[in-house]
Amino acid sequence: MIKKYLKHRKKLLENEIEKIEELSEMSQVSIKQIDAQINNLKNEIDESSEMLSVSVRNNMSKKADEVEHMEDSKKDTYDQIDKYAKEIAEKMKELKTINECLNQLDGVNVSRETFTKTPEEKVSIGSQTERMVDQGLKTRLNFCKGLVGVDDIRAKIELEKIIKEMK
């Protein structure tokens, strides 16, 4: 069940990262478009014509304001790209933790039957079973330790299951 949850969470994170990367790429395209518009407006501004005509001066003033507005928009878009990068970094960190947890789960395969065997079965297997149970318990506790930073509610549920099984 834990493994299934982790795999599901991993897929969700990968999809979220992909969407954020697409948004970042779209923002970069937007910046290129803004740059092209700014260049067009700057090319239209002719200072020598500005001196000769009042209406041209008013028009050039509006274009200069528009260029300033576009520069602000460009700055905001760069800020948004930075936010996307930070979001991706956070999600990649969580994804790394999930992958580590999945690797730990793959390393030790402790089934529920290990904890529910009858006393006669445990005696016949002896200390080898106790070592397996101890190792399984350590693995599950280490897993919960890794899960605390990612999903503290799930970690609490797992710890409660371990406590219940130990009684």
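Scoring rules and cut-offs
Residues numbered from 1 in each chain as written. Predicted model: local features only at pLDDT ≥ 70, side-chain atom pairs only at ≥ 80, totals over all residues. Heavy atoms only, no water. Patch = residues over 30% accessible without salt bridge, like charges linked within 9 Å, V, L, I, M, F, W, Y side chains within 5 Å. Areas by Shrake-Rupley, 256 points an atom, 1.4 Å probe, with all protein chains shown as cover. Salt bridge = Lys/Arg side-chain N within 4 Å of Asp/Glu carboxyl O. Lys, Arg positive; Asp, Glu negative; His and termini not counted. Charge placed at Lys NZ, Arg CZ, Asp CG, Glu CD. Helix = DSSP H or I, 4+ residues; strand = E, 2+ residues; numbered from the N terminus. Buried < 20%, exposed > 50% of the residue type's maximum accessible area, 1.4 Å probe, protein only. pLDDT = per-residue confidence, 0-100. Contact = heavy atoms within 4.5 Å.

Let us now look at a negative patch on the surface. Taken together, the side chains of Asp 65, Glu 66, Glu 68, Glu 71, Asp 72, Asp 76, Asp 79 and Asp 82 define an acidic patch exposed on the protein surface. Locating Glu 68 in the fold gives a position in helix H3 (residues 54-107). What makes Glu 68 exposed here is its relative accessible area of 52%.

Considering all chains together, one arrives at three salt bridges under this definition. Between Arg 9 and Glu 94 there is a salt bridge, and its shortest N-O distance comes to 3.0 Å. Residue Arg 9 is located in helix H1 (residues 2-44), and its partner Glu 94 is located in helix H3; the two are separated by 85 residues in the primary sequence. The class for Arg 9 is partly exposed, based on a relative accessible area of 22%. The residue Lys 74 makes a salt bridge to Asp 35 at a minimum N-O spacing of 2.5 Å. Of the two residues, Lys 74 is situated in helix H3 and Asp 35 in helix H1; the sequence distance between them amounts to 39 residues.

Low-pLDDT portions of the prediction should not be read for the details of their coordinates. Summarising the model, the protein chain shows a mean pLDDT of 76, and 69% of its residues fall at 70 or more. Averaged pLDDT values over the elements of the protein chain bottom out at 48 in helix H4 (residues 119-125) and peak at 89 in H1. Segment residues 121-126: pLDDT under 50, and four contacts once partners within four positions in sequence are set aside and those in other chains are kept.

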